[in-house]
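Tertiary structure, described
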There are 2 protein chains.
Amino acid sequence: MSEQFQGQTLHRTHNAGELRKAHVGEQVTLTGWVQRRRDLGGLIFIDLRDRSGYVQVVFEPSETCGPELMEMGDKLRNEYVVAVRGTVSSRSESAVNAKIPTGEIEVHVQAVEILNAAKTTPFFIQDNVDVDENLKLKYRYLDLRRPEMQKIFILRSKAVKYFRDFLDNNGFLEVETPMLTKSTPEGARDYLVPSRVHPGEFYALPQSPQLFKQLLMVSGFERYYQVARCFRDEDLRADRQPEFTQLDIEQSFIPLEKFHEMVEEMMVGLFQTTLGIEIPRPFPRMTYAEAMARYGSDKPDIRYGVELQDLTEQVRGCGFKVFNAAVEAGGQVKAVVAPGCAGYSRKQIDELEAFVKRYGAKGMAWIAVQEEGVKSPIAKFFSEEEMQALIKTAGASVGDLILFAADSKKVVADALGNLRQKLARDLQLIDESQFKFIWITEFPLLEHDEESGRYVAAHHPFTMPMVEDLHLLETDPANVRAQAYDLALNGFEIGGGSMRIFRREIQERMFKALGFTLEEAWEQFGFLLEAFEYGTPPHGGIAFGLDRIIMIMAQRPSLRDTIAFPKTSSASDLMTDAPSPVTTQQMEVLHIARHGKAVLEADTTAEGETNDPVAK
Amino acid sequence: MSEQFQGQTLHRTHNAGELRKAHVGEQVTLTGWVQRRRDLGGLIFIDLRDRSGYVQVVFEPSETCGPELMEMGDKLRNEYVVAVRGTVSSRSESAVNAKIPTGEIEVHVQAVEILNAAKTTPFFIQDNVDVDENLKLKYRYLDLRRPEMQKIFILRSKAVKYFRDFLDNNGFLEVETPMLTKSTPEGARDYLVPSRVHPGEFYALPQSPQLFKQLLMVSGFERYYQVARCFRDEDLRADRQPEFTQLDIEQSFIPLEKFHEMVEEMMVGLFQTTLGIEIPRPFPRMTYAEAMARYGSDKPDIRYGVELQDLTEQVRGCGFKVFNAAVEAGGQVKAVVAPGCAGYSRKQIDELEAFVKRYGAKGMAWIAVQEEGVKSPIAKFFSEEEMQALIKTAGASVGDLILFAADSKKVVADALGNLRQKLARDLQLIDESQFKFIWITEFPLLEHDEESGRYVAAHHPFTMPMVEDLHLLETDPANVRAQAYDLALNGFEIGGGSMRIFRREIQERMFKALGFTLEEAWEQFGFLLEAFEYGTPPHGGIAFGLDRIIMIMAQRPSLRDTIAFPKTSSASDLMTDAPSPVTTQQMEVLHIARHGKAVLEADTTAEGETNDPVAK
C-alpha cells in the first residue's frame, strides 16, 4: 500500500450498528472492522463492525461499483480496517435478518479505503467464543473487541458516569488522594515502592483512601467522593484482583439513617439509568446477628428462601448423640430444607454431605419427607410426634428433604449458609433477573484473632462503636457492636462502611482494645490522632467495590470480565508480561538488592540480556 | 462531655455561607467550625464557617437564649465543631458588613451542640496566612480548611466533572488502565514495585497509560478517556510532583483537524462553565519552528509581545567579533526589545546579562534608544545607517532597550525566550486576567541525544511522522517532523499528543531510527507490535496535565496548591511521613534486601523499633 494510507479520505458519517430503514436512500460513510466476508453469486458481502454494532455491506458489480472496487472487496479479510462509502438500501424480504438491529437494510458500496490489513486472529472475534482463558488474556486487546466485552465496558463507563453525576448533584466533591503513601501496621498486604531519594525507605500503595478521606473531613470538605484505585497484595482467588477500584464516599454532619437513604437513592438510580430496572425502596435491613442466624452469611442472597431453621432447643436432650453433643458444647443444631428433594438417592445425599464437610461440618443428618412416610437415618432417635414437630419447625412439606448441621455456631453457619447457596443454584431457585439489595448492620466491632491472641478491628480501627455498647469496650469487647454496615446484592458484599470515631478519647480506647499502647498508636497514627484534636466533625462513609457491582450488573462470573486489562490468579499480566525482571542497575538506584529466591532466579537467567536493550 | 455526643440532634438545614436577607425570620440549623469569637457588651459573636462560607451567629441573653446557652457560647473557641439552631435576623445598618456575602444578616442562637472541641491550631485558618510552607504541609488538613484552598478543590472537582460530561457527551468511554504494569526501556524514571509472588520481578507504576490507550484503540473502543494517575521518579522542581493526574484522551478514525476542533470546544466550555470566561475560537496555531523563532519557546506565552527578532543576516560580516563568530559558526544573532527601558542603569543591564548567562549565553550586547541618541557598547561597530536599520528590524522605538543574544540557535532561543518572560513579568506587561491558548504543531520527530550518540523519540516512539517527511526517516532523521502537537496556555504546556503510528512497518522503521534492532524492539514491545498486526485503526490522542490546568485557572504559583496531599521537592509527604522505613521481614517477603546507602542508614537506626509495633 502507498504511503498515502495515513491520509484517510473517507470519514465516518454514521455508526454501523445504528443504521435502520429510515436511512434507506442515504449515502453514508462507515469505518470499522470486517467481521466476516462471504462471496455469493458474484457479489461480496461484508459484515462491517464498529463499537455500535454491525451492518451488511454489499459489493455488487454496477456502474458505481466497478471492477476496481470489486477487486478491493476481494482483498478484504476478517479484521481488516476499512472505510466504506455507500448507499443504504432495503434488503429483499427473503434477506431480512430479524436477529440483528440492522437486519432490514444493507449498504451498497461506492468507495472503499483499506486502512489496515490484519493477520488471522488467534480466535474468532465473536461472542461466546470457546477458547482457553490464558490465550484470551494474552490477546486481551482482541478479546475486548468481542461485542459482549464491549458491552461490559460501555456499561461500566455509564455506571461510573452515573455515580459521579449523582454525587455531584448531591454536593459531593471529587478529591484525589495519594497513591504513594505510607505503610501501616496492617501493611502485611501492602505493595511497597522503594524510594530513590530516601535510601531504605518505601512508599506503600493504598489499600484504601481511608485515612485521607477522614482527613478531608477534618479539612472541612464535608462531602467527598473518589473513584479510587486500591491495591492489596494477597493470594488471589477467582474473584480478587491485586488492583481494584473503589467508589469511595465520606460525609460529615449526617445521621446514619440519612446516609443510608442517600445510598439507596443512588443505587436505585444506577439500575434505572443504566439497565432500565426499577428496584423498590427502602432496601431491607438486617442486623449481622440476624443475617448469620437466618442465612449463615453476612451477605445473604435474598432472591430465594431456603433459610436456616434453628432446632437447637427442640433437639436438646434427644437420643441422637451428635445433636446432643453439639448442644451440650454450646453449639447449635440447624437445618435447611431442599424443596422437592425427598427422592434424592443415597449418592446425591452423600455429595451434599461431602460439600458441607468442606466448611468444617463433621457429618450431615437428613430427613426425607416422602409421600409414604419419613425416611431418615436419625428417625429412630425421635418419636413420631417429635419427628412431626421437627418437620414442622424446619418448615418442610411432603416431598422435601431436610438437611442438618450440628456444630459450633460458626461451623453451622458456614456449612448451611453455603449449602443453602448450592441448593438454590442446583435446584434453580434463583430468579436471575432480580437484583436484591440488603443492608447488614450492627457488625461486631472487634474480632478475636486466634493466632495473635489479640482483638483486631473487624472493619477498621476508626469504626465507631454503637453508643449503647461503648461501656463494654474494656470489659466485654467481643460483644461491642459497631456503627458499621455492609450493602449486599444478590449474595455479594458490594460495599461496606461505618460511622467513624471522631473524638480522640474514643479512638484511644479503641487502640487500647486492639492491644496497642498509646505510645505505639501514636507512633503509627500520630498524625491522625493529632488531626482529631483540631476540630473533627462527626463523619462516616462507605466504599463500594466497583468491579464487583459491574460484574453483578453484567451478570458475569468473574471480576476479570469487568477490568480492561486484568491480572491472573498469580497477579501476572499475560499481555504485557508484568511483573518482569529489572536490571541490577535499576535496583541499585533504588538502594535495594535481590534476596533469597530472587537471587537464585537471577543466577539461572542471563540477567539484563533479555530485558534492557538500551543498557547494552 | 457525655457519651451522647455521637447523638448529634441538631441537623443542618442551610449552608452558612448561603444565608441572605431573603432568609430573615427563618429558623435555620447550621453546622460547622468556629472561625472566631468576639465578646462585646455581654453578647457573644461567632463566625460560623462551613464549606460554603461563613455567617455571624449571635448569643444575646433573652428568653430563648438563657444563661445555659450563654455559658455554652462562652466555652466556644476557634475551630470548635458546633451545631447551632437560631433565627435569621437583619443586622442593624451600622453592623452591615458589605465585604462578605452574608454581611446583611446574622443568626440569633436558640440552641447549640458542641460536637467537638479543638486545640489551638498551629496557624490561623484564614486566607493569605503567612506561615512556613513546611508547617502548612505537615498540617495539610488544617491548611485545606482555609477558604482559598477549599475554592481550588471545588474548582478542580467542577473542572474534572466538566471534562467528563463533555467527553461522555461526545461518545467517549472512560476505561481504567492498570497501575501495576511493566517497566519499559525508557524506565529510568519508573517507580518499581517488587512482586511477592514472582521473586526478583517488578511491576512499574505507569508514567502514562500510553500503551494501554493505544491497545484500547486496537480493541475497537474508538473513543477513550481517563483521568489517570501517572508517576515519574525524577528530581523534582517547584512545578513537578512524583504523582500527577493526566486527562488522557484517544480516538480512532478521526482526522487531526477535527480532533483539534473538539479539544478547542472542550477547553472553551471548561472556562465558560467553571469560570464564566469566554475564550475565542479557533485557537491560534503555530509550528514548532515558528514558535522557537518568534518566542524562543515551544510553549509561548502570547499574552504579550516582546518577540525575538532575527538580525543574523543583517549583522553578517559586521565589525563586532562576537556577532560575527556566532554567524560564522552557523548560529544566530537575535534580539528582544525591552519597552521603555532605555534608561536602565549599568547595574540593571548587568543583572539582565547575568540572567541570560544562566541559559548558556556568554554575554549580552545592548542598544539603548534614548531621546538624545543611541547608547550602546557595540555602537562603534556599526555605521549610523546600519544602527538605524538594526533598531528598525528589532522594532524598537525611542525609549526602548534592545537586548541581543549571539550564539547557537538553541542558546539564543533559551536565553532570549527566558529573557522575554522575565521582562514581561518585571515590566508588568502581562494581563493576568487573560487566558491565551496556542497550538504548537509539527514538532521534530527525533532528538539527538548527546550522551548516547543516538536519536531518541522527542514525543514517544509511537508518534507518526508527517507523511511528507516519511522518506527522510532513514536519510535525514533530524529533519523529520512529527504529527505531534502541544497545547500551551499562558506560557505553560498543558497538553501534548500526536497521531500514532498504526501500521507495523512504519513502527519498525521508527524503532530502527531510534537505534533498536528489530529483535530488541520485539523483545521490548513485542506485544504491541504484534497487536498492530491484527487490524489497528488510524488513531491519535492527547494527554492534559490536569494539575497544571487547575493551577493556571486558579492563578496559583505552584502545582502543590492543586493537589490535596502533595509531596515536597524531595518527594516526601510531611503529613504522613512517607516514605518511611519498613521492617527487614517486610522486605524479605518481597525477595529484596537493602543495598548501598540503605544498609548504612539501617545500621544507624534501631530498625523495626520505631516503625512496627505489631511486630514486637
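All values reported here derive from a predicted model rather than from experimental measurement.

Moving on, we get to the interface of chain A and chain B. In this complex, chain A contributes 148 residues to the contact, which on the side of chain B involves 149 residues. Note on chain A versus chain B: buried area summed over both sides is about 13,100 Å², and carbon and sulfur give 57% of it. Our count for the contact surface shared by chain A and chain B stands at 14 salt bridges. A salt bridge links A:Asp165 to B:Lys161; the shortest N-O distance between them is 2.7 Å.

Turning next to the packing of aromatic side chains. Counting across every chain of the model gives 42 aromatic pairs over all chains. Geometrically, the ring pair formed by B:Tyr162 and B:Phe163 is tilted, given 6.0 Å between the ring centres and 55° between the ring planes. As far as the burial class goes, B:Tyr162 and B:Phe163 line up, both buried. A network of ring pairs unites the aromatic residues B:Phe320, B:Phe323, B:Phe381, B:Phe382 and B:Phe404 as a single cluster. Its guanidinium or amino end placed over the ring of A:Phe355, A:Lys422 lies 5.3 Å from that ring's centre, counting from NZ or CZ.

On to the domain arrangement of chain A, then. Segmentation of chain A into domains returns domain 1 (21–116), domain 2 (133–283 + 537–594) and domain 3 (304–430). Computed over C-alpha atoms only, the centres of domain 2 of chain A and domain 3 of chain A are separated by 40 Å.

Right, let's talk about the environment of B:Val131 for a bit. Residue and element names in this part refer to chain B. Position of Val-131 relative to the elements: it lies in the loop between strand S5 (105–116) and helix H2 (133–138). C-alpha separation for the pair Val-131 and Trp-439, spaced 308 residues apart in sequence, amounts to 39 Å. Those residues in contact with Val-131 that sit more than four places away from it in its chain are Phe-123 and Lys-136.

Attention now goes to unusual backbone geometry. Of note, the amide linkage connecting A:Ala578 to A:Pro579 takes the cis form, showing an omega dihedral of -5°. Mapped onto the elements, A:Pro579 comes out in the loop between helix H15 (546–553) and strand S23 (580–581).

Glancing now at the UniProt feature "binding site: L-aspartate" (unreviewed entry) in chain A. All names here are of chain A. Mapped onto this numbering, the UniProt entry gives "binding site: L-aspartate" (unreviewed entry) at Glu-186, Arg-232, His-459 and Arg-500. Take Arg-500: it is sitting in the loop between strand S21 (492–499) and helix H13 (504–513). What makes Arg-500 buried here is its relative accessible area of 2%.

Okay, the relation of the copies chain A and chain B next. Overlay of chain A on chain B (RMSD 0.1 Å): rotation 180°, translation along the axis 0.0 Å. These values place the two chain copies in the arrangement generated by a two-fold rotation axis. When the interface residues of chain A are mapped onto chain B, 100% of them again lie at the interface, so the same face is used by both copies.

All names here are of chain A. Read across the open sheet, the 8 strands follow the order S6-S9-S10-S22-S21-S20-S17-S11; overall the sheet is mixed. Because the sheet does not close on itself, it has two edges, and the strands there are strand S6 (173–174) and strand S11 (285–287). Taken together, the 5 bridges between S21 and strand S22 (residues 539–545) define a ladder with antiparallel strand orientation. Considered in S22, the bridge of Gly-496 is made with Ala-543. In this fold helix H7 (residues 288–295) packs onto S11 and strand S17 (437–441), with an angle of close to 90° to the strand it touches most, S11.

Another point: the pattern of salt bridges. Two side chains bearing opposite charge may form a pair once their charged atoms approach each other closely. All names here are of chain A. Summed over all chains, the structure comprises 96 salt bridges over all chains. A salt bridge links Arg-37 to Asp-74, with the nearest nitrogen and oxygen atoms 3.3 Å apart. Here Arg-37, found in strand S1 (residues 27–40), pairs with Asp-74, found in helix H1 (residues 67–75); they are 37 residues apart in sequence, far enough to count as distant. Note on Arg-37: relative accessible area 24%, which makes it partly exposed.

Let us now look at the nonpolar core. Core analysis: the largest hydrophobic core is formed by 190 residues, its most contacted members being A:Met267, A:Phe544, B:Met267 and B:Phe544. Apart from the residues lying within four places of it in its own chain, the contact partners of A:Met267 are A:Phe163, A:Phe283, A:Phe437, A:Leu487, A:Ile494, A:Phe544 and A:Ile549.

Residue and element names in this part refer to chain B. Along the chain, Leu-473 falls in the loop between strand S19 (454–457) and strand S20 (484–489). Taking C-alpha positions, Leu-473 is 17 Å from Asp-449, a pair spaced 24 residues apart along the chain. The residues touching Leu-473, leaving out its near neighbours within four places in the chain, are Leu-445, Leu-446, Val-480, Arg-509, Met-510 and Ala-513.

The subject of this paragraph is the pairing of strand S2 (residues 43–50) of chain A. All names here are of chain A. For S2, the tally of buried residues reaches 8 of 8 residues, placing the bulk of the element in the interior. The alternating pattern of S2 places Leu-43, Phe-45, Asp-47 and Arg-49 on one face and Ile-44, Ile-46, Leu-48 and Asp-50 on the opposite face, and all of these are buried. Pairing geometry for S1 and S2, over 7 bridges, is antiparallel. Counted as the bridge partner of Arg-38 is Phe-45 from S2.

What counts as what
- Residues numbered from 1 in each chain as written.
- Chains lettered and ligands numbered in written order.
- Predicted model: local features only at pLDDT ≥ 70, side-chain atom pairs only at ≥ 80, totals over all residues.
- Heavy atoms only, no water.
- Contact = heavy atoms within 4.5 Å.
- Buried area = accessible area lost by both parts, 1.4 Å probe.
- Salt bridge = Lys/Arg side-chain N within 4 Å of Asp/Glu carboxyl O.
- Phe/Tyr/Trp six-rings, centres within 6.5 Å; stacked < 30°, edge-to-face > 60°.
- Buried < 20%, exposed > 50% of the residue type's maximum accessible area, 1.4 Å probe, protein only.
- Lys NZ or Arg CZ within 6 Å of the ring centre and 35° of its normal.
- Domains from an automatic or database assignment.
- Helix = DSSP H or I, 4+ residues; strand = E, 2+ residues; numbered from the N terminus.
- UniProt positions renumbered as here; feature names shortened; annotations may be inferred.
- Least-squares fit on C-alpha atoms with pLDDT ≥ 70 in both.
- Pairing = 2+ DSSP bridges.
- Axes fitted to C-alpha atoms, helices over the stretch in contact; angles between N-to-C directions.
- Core = buried A, V, L, I, M, F, W, Y, C linked by side-chain atoms within 4.5 Å.

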